[in-house]
Amino acid sequence: QKAELEKLVHVPTITADQHHVELAANIGSPADVAGALANGAEGVGLFRTEFLYMGRDDFPTEEEQYLAYKQVLESMGEKPVVIRTLDIGGDKHLSYLDMPEEMNPFLGYRAIRLCLDRQELFRTQLRALLRASAHGNLKIMFPMIATLEEFLEAKAILEEEKKGLQNSGVAVSERIEVGIMIEIPAAAMMADVFAQEVDFFSIGTNDLIQYTMAADRMNERVAYLYQPYHPAVLRLLRNVIEAGHSQGKWVGMCGEMAGDPVAIPILLGLGLDEFSMSASSILPARKQISQLSRAEMAQHIDAILQMGTSAQVEAYVKETILKED
Ligand code: PEP
Ligand code: MG
């Protein structure tokens, strides 16, 4: 079993009907890159940069951040690396950053909201990213985007910092893609509009599910409502993937759902281009995908999206596609 998976480490991910999809790794620090490569990652689909800010008593400097980003980009060579800008707030706090007490932190001051408000913090991170871009295949991703204005403002700030660096003679890559996480239902519904502005989408199902179902992802009492296979969630996914593709943009997923063997056939049928997951899930997912036909999975989608419950979807996938009983 293990030896069989080992053989897939350096093999691209190809479906039974010869479509390539990209299997990437979620990482939390430069130290995770070795494990990602050893498990056959074709890229980094999500680098959560919060670790740089946590467990210390002041903000990381531009130089510290630059070195960390550069290290990841260099170790990945030509492979794509999606780095997400700071997603603090919600359940994640910094001792040195004064945060308001909030009734609903997950609906509050976090991620891009905080970054657009505390711009010195955001600009420092963007400069570090731009400088690091010269060392690899960087893609920049903004978290928790709810409105088009937020994306346009974040992108404008990025452009300003880029010009500033270039004017002082610093090398910046000219091919950095800039995308957003789709993890708020409003953005998922408006994906066709966003698709005209962004270079890519990466769907953050961990948050998208909690906001769609109004069920706190940390609250065990409502965990039964946290339903990745709920048709409401799946319809949003279809909307996002179709919207991205209609503008020629690639669509990935970096929430836990991307590595789930029950979800994978559905995601393949929906046309997802990139699946980003914890390193240990990559080889099993590659094996599973190599045995599935994308065209065949697509034929199940209409039936699945017409179902009324998560339980029906799950039973259908298990019995009809995975042939378990
Ligand atoms: C997500 O919300 O799906 C996601 C990948 O981001 P995080 O888990 O860091 O909120
Ligand atoms: Mg999230």
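The shown structure was predicted, so the numbers you read here are calculated from the model rather than taken from an experiment.

Caption draft 1: Looking closely at the overall build of the protein. Scanning the protein from N- to C-terminus turns up 14 helices and nine strands. Taking 20 Å as the expected radius of gyration for a compact globule of 325 residues, we find that the protein reaches 20 Å, a close match to that expectation. Over its C-alpha atoms, taken along the principal directions, the protein stretches across nearly 60 × 45 × 35 Å. Long-range contacts, defined here as pairs at least 24 residues apart, represent 69% of the contacts in the protein between residues at least 6 apart.

Caption draft 2: The nonpolar core, seen in detail. Ranked by internal contacts, the top residues of the largest apolar core, which has 91 residues, are Val 44, Ile 180, Ile 182, Val 240 and Leu 267. Examining the composition of this core, we find that seven residues originate from one element, helix H10 (residues 231-246), more than from any other. Setting aside its immediate chain neighbours within four residues, Ile 180 contacts Met 141, Phe 142, Ile 145, Phe 151, Phe 194, Val 198 and Phe 201.

Caption draft 3: Highlighting unusual backbone geometry. Here the phi dihedral of Gln 18 falls at roughly 70°; this positive angle occurs in a residue that is not glycine. Secondary-structure assignment places Gln 18 in the loop between strand E1 (13-14) and strand E2 (20-27). Positive phi, normally seen in glycine, also occurs at Ala 111, with a value near 50°. Relative to the helices and strands, Ala 111 resides in helix H4 (residues 111-117). Classification of Ala 111 as buried rests on a count of 26 C-beta atoms within 10 Å.

Caption draft 4: Examining the pairing of strand E3 (residues 44-48) more closely. In terms of residue burial, E3 counts as a mostly covered element, since four of its five residues are buried. Two elements, E2 and E3, share three bridges in a ladder whose sense is parallel. Looking at the pairing, Asn 26 lines up with Leu 46 of E3. With three bridges connecting them, E3 and strand E4 (residues 80-84) associate as parallel partners. Within E4, the position partnered with Arg 48 by the bridge is Arg 84. Handedness of the E3-helix H3 (residues 62-76)-E4 crossover: right-handed.

Caption draft 5: Spotlight on the pairing of strand E6 (residues 177-182). The pairing of strand E5 (residues 137-142) with E6 spans four bridges and is classified as parallel. Bridge assignment links Lys 139 to a residue of E6, and that residue is Glu 177. A crossover connection joins E5 to the parallel E6 through helix H6 (residues 148-167); in handedness this β-α-β unit is right-handed. Two elements, E6 and strand E7 (residues 200-203), share three bridges in a ladder whose sense is parallel. Across the sheet, residue Ile 180 finds its bridge partner in E7, namely Phe 201.

Caption draft 6: Here's a closer look at the UniProt feature "binding site: phosphoenolpyruvate" (unreviewed entry) in the protein. Here, the residues flagged by UniProt with the feature "binding site: phosphoenolpyruvate" (unreviewed entry) are Arg 48, Arg 84, Asn 206, Asp 207 and Arg 217. Residue position: Arg 84 is located in strand E4. Setting aside residues up to four positions removed in sequence, Arg 84 forms contacts with Leu 46, Phe 47, Arg 48, Thr 49, Met 141, Pro 143 and Met 181. In this fold, Asp 207 is placed in helix H9 (residues 205-213). Taking the C-beta count within 10 Å as the criterion, Asp 207 has 22 such neighbours and is therefore assigned buried.

Caption draft 7: Structural context of the site of ligand 1. Lining the immediate surroundings of ligand 1 are Leu 46, Arg 48, Asp 87, Glu 183, Gly 204, Thr 205, Asn 206, Asp 207, Cys 254 and Gly 255. Residue assignment for the shell around ligand 1 shows that the elements contributing at least two residues are E3 and H9. Ranked by residue count, the leading element in the shell around ligand 1 is H9, at three residues. Looking at the shell around ligand 1, its residues break down into two nonpolar, four polar and four charged.

Caption draft 8: Fine view of the UniProt feature "binding site: Mg(2+)" (unreviewed entry) in the protein. According to UniProt, the positions carrying the feature "binding site: Mg(2+)" (unreviewed entry) are Glu 183 and Asp 207. Across 25 residues, the annotated set stays spatially compact, with a maximum C-alpha separation of 5.3 Å. Beyond its immediate chain neighbours, meaning those up to four positions away, Glu 183 contacts Met 144, Gly 204, Asp 207 and Leu 208.

Caption draft 9: Local environment of helix H5 (residues 119-132). The first and last C-alpha atoms of H5 sit 20 Å apart over 14 residues, in line with the 20 Å expected at 1.5 Å per residue. Of the residues making up H5, those classed as buried are Phe 122, Gln 125, Leu 126, Arg 127, Ala 128, Leu 129, Leu 130, Arg 131 and Ala 132. Buried residues in H5 make contact with H3, E4, H4, E5 and H6.

Caption draft 10: Structural context of the environment of Thr 49. The residue Thr 49 is located in the loop between E3 and H3 in this model. Separated by 254 residues in the primary sequence, Thr 49 and Ala 303 have C-alpha atoms spaced 39 Å apart.

Caption draft 11: Structural view of the environment of Leu 283. Within the secondary structure, Leu 283 sits in helix H12 (residues 279-290). Residues Leu 283 and Gly 89 lie 194 residues apart in sequence; the distance between their C-alpha atoms is 33 Å. The contact partners of Leu 283, leaving out residues within four places of it in the chain, are Leu 5, Leu 8, Val 9, Asn 39 and Gly 40.

Thresholds applied
Residues numbered from 1 in each chain as written. Chains lettered and ligands numbered in written order. Predicted model: local features only at pLDDT ≥ 70, side-chain atom pairs only at ≥ 80, totals over all residues. Helix = DSSP H or I, 4+ residues; strand = E, 2+ residues; numbered from the N terminus. Rg over C-alpha atoms; globule rule 2.2 N^0.38 Å. Contact = placed C-beta atoms within 7 Å. Core = buried A, V, L, I, M, F, W, Y, C linked by C-beta atoms within 7 Å. Buried ≥ 20, exposed ≤ 12 C-beta atoms within 10 Å, placed from the backbone. Pairing = 2+ DSSP bridges. Right-handed = clockwise from strand over helix to strand, strands pointing away. UniProt positions renumbered as here; feature names shortened; annotations may be inferred. Near = placed C-beta within 6 Å. Nonpolar A, V, L, I, M, F, W, Y, C, P; charged D, E, K, R; others polar. Expected span 1.5 Å × (residues − 1).

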